[in-house]
Amino acid sequence: MLGMNKWLKNQLAKNFGKFFLMLLMLMSMSSISYAQRVAVKNNLLYDATLTPNLGFDFRLSNRWTAGISAGYNPFTFSDNKKWKHLLISPEARYWFCDVFAGHFVGFNAIYSHFNVGNTGNPIGLLYPDVKKERRQGDMGAIGASYGYAWLLSPHWNFEFEVGADVGYTWFDRYECAKCGAKLGTDKKAFVMPRLSVNFVYVIK
């Protein structure tokens with residue numbers, strides 16, 4: 001936990017300017033469109049893994065949006081079970097009719113720093129041995145998706161998205177979930193499914 005908090009503070013200190021500049025650019029791009037709109041969303045499936053998360057989508061035109069989502073899980077559960085991680089994912093979407101409504105395709109990137117151990121799914125899909133070992137490291141991926149957004153009211157939407165991500169991860173392996181004896185360092189490529197069920201609030 002202390003290592004994760006220290007890493008997070010260092011990364012925020014190093015990259016705060018970059019994240020702030022990216023956010024300003026997205027907001028300025030959305031401000032020049034003829035209809036200024038921003039959507040705030042929460043992934044209910046991500047919530048089900050006890051990971052607080054939030055996303056923002058900015059309207060760029062009548063067919064394109066750009067946004068960023070983040071999730072942070074700092075928790076350790078009974079028997080030292082954990083899948084602590086920080087995940088950041090920018091995404092661009094093309095909407096077939098109008099933004100925030102109907103069919104869309106998305107193109108995304110992912111970066112995550114993680115510390116997992118004594119757990120199975122969903123992490124077990126990538127790391128089958130995490131029931132016996134602890135893994136701490138980083139991953140990056142790119143992917144594509146298809147989705148559909150249902151209009152519930154002038155401001156509320158319900159959104160479903162499915163796709164796949166291809167990426168690469170590098171991590172240190174430790175003897176067990178609790179002890180600190182290092183076994184080595186490993187790297188691997190992976191393919192994983194992408195699934196989101198988002199509750200969305202549109203600011204007009």
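Cut-offs used in this document
- Residues numbered from 1 in each chain as written.
- Predicted model: local features only at pLDDT ≥ 70, side-chain atom pairs only at ≥ 80, totals over all residues.
- Heavy atoms only, no water.
- pLDDT = per-residue confidence, 0-100.
- Contact = heavy atoms within 4.5 Å.
- Buried < 20%, exposed > 50% of the residue type's maximum accessible area, 1.4 Å probe, protein only.
- Helix = DSSP H or I, 4+ residues; strand = E, 2+ residues; numbered from the N terminus.
- Pairing = 2+ DSSP bridges.
- Core = buried A, V, L, I, M, F, W, Y, C linked by side-chain atoms within 4.5 Å.
- Salt bridge = Lys/Arg side-chain N within 4 Å of Asp/Glu carboxyl O.
- Axes fitted to C-alpha atoms, helices over the stretch in contact; angles between N-to-C directions.
- Patch = residues over 30% accessible without salt bridge, like charges linked within 9 Å, V, L, I, M, F, W, Y side chains within 5 Å.
- Areas by Shrake-Rupley, 256 points an atom, 1.4 Å probe, with all protein chains shown as cover.

## Concerning the confidence of the model for the protein chain
Stage number 1. Residues at a pLDDT of 70 or more form 76% of the protein chain, whose mean pLDDT is 83.
Stage number 2. Taken together, the stretch residues 30–34 has pLDDT below 50 and engages in nine contacts with residues farther than four places along the chain or on a different chain.

## Some thoughts on unusual backbone geometry
Stage number 1. Backbone geometry places Leu50, a non-glycine residue, at a positive phi of 65°.
Stage number 2. Using a relative accessible area of 48% as the deciding quantity, one classes Leu50 as partly exposed.
Stage number 3. A positive phi angle, near 65°, is found at Phe100, a position not held by glycine.
Stage number 4. Of note, Phe100 is situated in the loop between β4 (82–95) and β5 (102–117).
Stage number 5. Taking the relative accessible area as the measure of exposure, Phe100 reaches 3% and is therefore buried.

## Details of the pairing of β5
Residues in a regular strand point their side chains to alternate faces of the sheet.
Stage number 1. As judged from the 12 bridges shared by β4 and β5, these two strands associate in the antiparallel manner. By the bridge assignment, His85 is partnered in β5 with Phe114.
Stage number 2. In sequence, β4 turns back onto β5 through a hairpin of six residues, with Phe100 there showing a positive phi of about 65°.
Stage number 3. Where β5 lies against strand β6 (residues 134–151), 16 bridges are found, and the strand directions are antiparallel. Pairing of Asn108 across the sheet is with Gly143, part of β6.

## Quick notes on the nonpolar core
Soluble, globular proteins show a tendency: their nonpolar side chains are buried together.
Stage number 1. Core analysis: the biggest nonpolar cluster contains 12 residues, these being Tyr46, Trp83, Leu87, Ile110, Phe114, Val116, Val130, Met139, Ala141, Phe171, Phe190 and Met192.
Stage number 2. Counting only elements with at least two residues in this core, the list comes to β4, β5, β6 and β8 (182–203).
Stage number 3. For this core, the element with the highest residue contribution is β5, accounting for three residues.
Stage number 4. Phe104, Ala149, Val200 and Val202 belong to the second-largest nonpolar core, a separate cluster that totals eight residues.

## Quick notes on the environment of Leu50
Stage number 1. Considering the arrangement of structural elements, one finds Leu50 in the loop between α2 (44–48) and β2 (53–59).
Stage number 2. Counting along the chain gives 22 residues from Leu50 to Tyr72, while the straight-line C-alpha distance between them is 9.4 Å.
Stage number 3. Not counting residues within four places of it along the chain, the set of residues in contact with Leu50 comprises Asn73, Phe75 and Phe77.

## Remarks on the pattern of salt bridges
Stage number 1. Using the criterion set out here, one finds 14 salt bridges in the structure.
Stage number 2. Put simply, Arg194 and Glu91 hold a salt bridge, and the shortest N to O gap is 4.0 Å. One end of the pair, Arg194, is in strand β8; the other, Glu91, is in strand β4, and 103 residues separate them in sequence. Per residue, the accessibility class of Arg194 equals that of Glu91, and both read buried.
Stage number 3. A single network of salt bridges, built from pairs that share partners, joins Lys41, Asp57, Glu91, Arg93, Glu159, Glu161, Asp165 and Arg194.

## Structural notes on the sheet that holds β8
Stage number 1. Judged by pairing direction, the barrel is antiparallel, and its eight strands sit side by side in the order β1-β2-β3-β4-β5-β6-β7-β8 before closing back on the first. This sheet shows a mean twist of 20° between the axes of neighbouring strands, independent of strand direction.
Stage number 2. As defined by bridge partners, strand β3 (residues 64–73) adjoins β4 across 10 bridges and the pair is classed as antiparallel. Bridge pairing links Trp64 to Tyr94 in β4.

## What to know about a nonpolar patch on the surface
Stage number 1. Taken together, the side chains of Leu44, Leu45, Tyr146, Trp150, Leu152, Trp156, Phe160, Val162, Leu195, Phe199, Tyr201 and Ile203 make up a nonpolar region of the molecular surface, amounting to roughly 1100 Å² of accessible area.
Stage number 2. Among the secondary structure elements, those contributing two or more residues to the nonpolar patch are α2, β6, β7 (156–174) and β8.
Stage number 3. For the nonpolar patch, the leading source of residues is β8, giving four residues.
Stage number 4. Of note, Trp156 is situated in strand β7.

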